[in-house]
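Chain by chain, the residues run as shown.
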Amino acid sequence: MGTPILKLNQVTKTFGTNTALSGISIEVEPGEVLCLLGDNGAGKSTLIKVLSGVHKPSSGSVEVHGKPVVFDSPADASEVGIATVHQYGGTFPLMSVARNFFVGREPVKGAWPFKYFDQKTAGQVTVTEMQKLGITRVTDGNRLAGSLSGGERQTLAIARAVYFGAKVLILDEPTSALGVKQSTHVLRMIMHARAQGIAVVFVTHNVMHAMAVGDRFAVLIHGKKADDFRKGERTREQITDLMAGGEAMAELEAELAELTGPVRLP
C-alpha cells in the first residue's frame, strides 16, 4: 500500500444541532476506485461537499498526499487536483460542448484588449478528448451540450477533468437516471480514469454498479460509516442488507412471517 492521495481523519460535520457526518475516516490511493455507498439521507452529499471544498469539517482533518489541507472553497480543492462531477456533469445545455469543456479556462487568440475565444482549437481538443473516451458520434465542438445523452454529458465532464489534470475524480451518482447502455459507458469511463492512475471516488446507491468497478468500499448510514471493506470481502446481498438497515430488515421479515408465513425480502 502506498500513501493515500486523499484521506479523511475522523471528520465530523454539524449544522447547528444536526450532525450530518460523525467521525468519518476514509482514504483512496492513486489508481483506485473508492465506492461510497448509502441510501438517501446517509450523508453522501455532505461528504462530497467536504471533499470538494464546499464545506469545512466541524472537526477532524483532510489530507492530500499525506499533508493536512484546509479548503476555503472548491477552487482550493481544484488547485490540488480534486475534481467533482455531478449528475449530468454540471453541463450547460445551451452552450456548445467546446464551451462546456473549456468553461473558465478558455483558449484565446489575439492581443489584449482584443482577445477572443479560439473556437477552432477548443472544438478540436474537445472532440479529440471525447473520442478518446469512446464518444465517436460527437464530431463537432459547436454542437449544443443539451443534444447529448446523459452518458455523453457525463463523459464530457470526465474528459474535461482528466484533460485539466485531475488527480482525484469525485463522481456524484453518475449512473442514476441513466439507461443500461449509458450506465455501462460511464462505468467504462471510471475504469479508464483508474487505468491512468487517477483516484476515483464513486458515490452511488447502486450496489451492482459499485461492485463492477470498485476496489474499496465504504457504507454510510445516518452520517456514520457503518462498514468499510475491499473488493471480494462482502457479497452483494450483504452490502444491500447493510444499506437497508440490516437489523431493521430482519425485524420486518419476522413481522411479515407472522402474518403471511416465512418470507425473504429481496
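Residues numbered from 1 in each chain as written. Predicted model: local features only at pLDDT ≥ 70, side-chain atom pairs only at ≥ 80, totals over all residues. Heavy atoms only, no water.

Student: So what's going on with unusual backbone geometry? Which residues, and what values?
Tutor: Pro-113 follows Trp-112 through a cis peptide bond whose omega is 5 degrees. With respect to the secondary-structure elements, Pro-113 resides in the loop between strand S7 (108–109) and strand S8 (116–117). A positive phi angle is found at His-222, which is not glycine, with a value near 50 degrees. Tracing the chain through its elements places His-222 in the loop between strand S11 (216–221) and strand S12 (224–230). (Helix = DSSP H or I, 4+ residues; strand = E, 2+ residues; numbered from the N terminus.)

Student: Break down the pattern of salt bridges for me, citing the residues and quoting the values.
Tutor: Applying the stated criterion across every chain, the model contains 11 salt bridges. A salt bridge links Glu-32 to Arg-230; the nearest nitrogen and oxygen atoms lie 2.9 Å apart. One end of the pair, Glu-32, is in the loop between strand S2 (18–28) and strand S3 (33–37); the other, Arg-230, is in strand S12, with 198 residues separating them in the sequence. Classification of Glu-32 by relative accessible area gives buried; the value is 5%. (Salt bridge = Lys/Arg side-chain N within 4 Å of Asp/Glu carboxyl O. Buried < 20%, exposed > 50% of the residue type's maximum accessible area, 1.4 Å probe, protein only.)

Student: Tell me what's going on with the packing of aromatic side chains, and back it up with residues and numbers.
Tutor: The full count for this structure, using the stated rule, is 7 aromatic pairs. Taken together, Phe-101, Phe-102, Tyr-163 and Phe-164 form an aromatic cluster joined through their ring pairs. Its end group placed over the ring of Phe-117, Arg-99 keeps NZ or CZ at 3.8 Å from the ring centre. (Phe/Tyr/Trp six-rings, centres within 6.5 Å; stacked < 30°, edge-to-face > 60°. Lys NZ or Arg CZ within 6 Å of the ring centre and 35° of its normal.)

Student: Could you give an account of the sheet that holds strand S4 (residues 59–64), with specific residues and numbers?
Tutor: Across the sheet, which stays open at both edges, the 4 strands sit in the order S2-S1-S4-S5 with antiparallel pairing between neighbours. The sheet is open, and its two borders are formed by S2 and strand S5 (67–69), each paired with just one other strand. Going across the sheet, the axis of each strand differs from the next one's by a mean of 30 degrees, ignoring polarity. Summarising the sheet, S4 and S5 pair through 3 bridges and their orientation is antiparallel. In the sheet register, Val-64 faces S5, and the bridge partner there is Lys-67. (Pairing = 2+ DSSP bridges. Axes fitted to C-alpha atoms, helices over the stretch in contact; angles between N-to-C directions.)

Student: If you had to explain the nonpolar core to someone new, which residues and values would you point to?
Tutor: In summary, soluble globular proteins display a tendency toward joint burial of nonpolar side chains. Counting residues in hydrophobic clusters, the biggest one holds 41 residues, and the most contacted among them are Val-33, Leu-37, Leu-169, Leu-171, Ile-190, Val-200 and Phe-202. Of all the elements, helix H5 (residues 150–163) adds the most residues to this core, at 5 residues. Setting aside chain neighbours within four positions, we find Phe-202 in contact with Val-33, Leu-34, Cys-35, Leu-36, Leu-171, Pro-174, Thr-175, Leu-187, Ile-190, His-209, Ala-210 and Val-213. Core analysis: the second largest hydrophobic core is formed by 27 residues, Leu-6, Ile-26, Ala-77 and Ile-82 among them. (Core = buried A, V, L, I, M, F, W, Y, C linked by side-chain atoms within 4.5 Å. Contact = heavy atoms within 4.5 Å.)

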